[in-house]
Amino acid sequence: EDEWKPPFKTAIQALSQHDLILPMDVMTKKEGKTALSRLLGWEKFDTKGRALKGDKEGGHVVTTGGVKNSNAREYFRKEEYRALWENNWLDNILCLWCRAVFLARLHCDDIIV
């Protein structure tokens, strides 16, 4: 029953060693650019290239295909989505942890040492 604990601890330790975690689902135009500007000093986000599709001025581009809807709740039936979530619960917890770290570093730097 506790077989998940060692790999979870290893994952948290590995992620904790990174100076910057960029969870793509919260990399909106405002928060993403604010984070990249403040944490990395980036100010220019426009992209160049004919092969790129998307918002070249805003920097949200893909190299092949197009920007796709990744909302799994719309794609799967309710039962399928629940089974998928339950089979990947540890990944989901790590994803939420990464988002929390990113948002805390972005908005709570005055209280985080």
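Throughout, a residue's number is its position along its own chain's written sequence, starting from 1. It should be noted that, the model being predicted, local features are given only for residues of pLDDT at least 70 and side-chain atom pairs only at 80 or more, the latter also being counted only at that level, while totals for whole chains, interfaces and linings use all residues. Computation of side-chain values: all heavy atoms of the structure, hydrogens and water removed.

Draft legend 1. Seen up close, the overall build of the protein. For the protein, the helix and strand inventory stands at 5 helices and 2 strands. Helix and strand definitions here come from DSSP, where helices need a minimum of 4 consecutive H or I residues and strands a minimum of 2 consecutive E residues; each element is numbered from the N-terminal end. Starting at the N terminus and ending at the C terminus, the protein contains elements arranged as α-α-β-β-α-α-α. The burial tally for the protein puts 15% of its 113 residues in the buried class. A sequence separation of at least 24 residues applies to 49% of the contacts in the protein between residues at least 6 apart. Values of accessible area rely on a 1.4 Å probe in the Shrake-Rupley scheme; residue burial ignores everything except the protein chains shown. Summed over its atoms, the accessible surface of the protein is roughly 9,200 Å², and 55% of this surface lies on carbon and sulfur atoms. Each residue is placed in one exposure class: buried if its accessible area under a 1.4 Å probe, protein chains only, is under 20% of its type's maximum, exposed if it is over 50%, and partly exposed if it falls in between. Working rule for contacts: check all heavy atoms of both residues, and any pair within 4.5 Å makes them a contact.

Draft legend 2. The arrangement of the confidence of the model for the protein in detail. Residues of the protein with pLDDT of at least 70 account for 73%, and the chain-wide mean is 75. The secondary-structure element of the protein with the lowest mean pLDDT is strand β2 (residues 60-62), recorded at 54, while helix α4 (residues 78-87) shows the highest, at 90. Along the chain, pLDDT gives the predictor's confidence residue by residue, from 0 to 100.

Draft legend 3. Expanded view of the pattern of salt bridges. Think of a salt bridge as a Lys or Arg side-chain nitrogen and an Asp or Glu carboxyl oxygen that are within 4 Å of each other. Throughout the structure, instances matching the rule amount to 4 salt bridges. Salt-bridge contacts for Asp 2 lead to Lys 5; the nearest nitrogen and oxygen are separated by 3.7 Å. One continuous salt-bridge network, built from bridges that share partners, spans Arg 77, Glu 79 and Glu 80.

Draft legend 4. Structural detail: a nonpolar patch on the surface. Patch building starts from residues that exceed 30% relative accessible area and form no salt bridge, then joins like charges within 9 Å and nonpolar side chains (Val, Leu, Ile, Met, Phe, Trp, Tyr) within 5 Å. A grouping of Leu 39, Leu 40 and Trp 42 is seen on the molecular surface, where their side chains present a nonpolar patch of about 280 Å² in accessible area. By secondary structure assignment, the location of Leu 40 is in helix α2 (residues 29-40).

Draft legend 5. Fine view of helix α5 (residues 89-107). Here α5 contains 19 residues, and its C-alpha end-to-end distance of 27 Å stays within 8% of the 27 Å for a straight helix at 1.5 Å per residue. Among the residues of α5, Leu 90, Leu 94, Cys 98, Val 101, Phe 102 and Leu 106 are the ones counted as buried. Axial view of α5: buried residues confined to an arc of 150 degrees, hence all on one face. Given a helix with a known number of residues, its expected span is that number minus one, times 1.5 Å. This arc corresponds to the set of directions leading from the helix axis out to the C-beta atoms.

Draft legend 6. Spatial organisation of the state of the cysteines. Two cysteine sulfurs form what is called a disulfide whenever their separation falls within 2.5 Å. Counted under the stated rule, the structure contains 0 disulfides. Considering cysteine sulfurs only, Cys 98 is the nearest to Cys 95, which forms no disulfide, with 6.7 Å between them.

Draft legend 7. Spatial organisation of the environment of Asp 91. Inspection of the secondary structure puts Asp 91 in helix α5. We classify Asp 91 as partly exposed; its relative accessible area is 49%. Distance from Asp 91 to Phe 8, taken between C-alpha atoms, is 9.2 Å for residues 83 residues apart in sequence.

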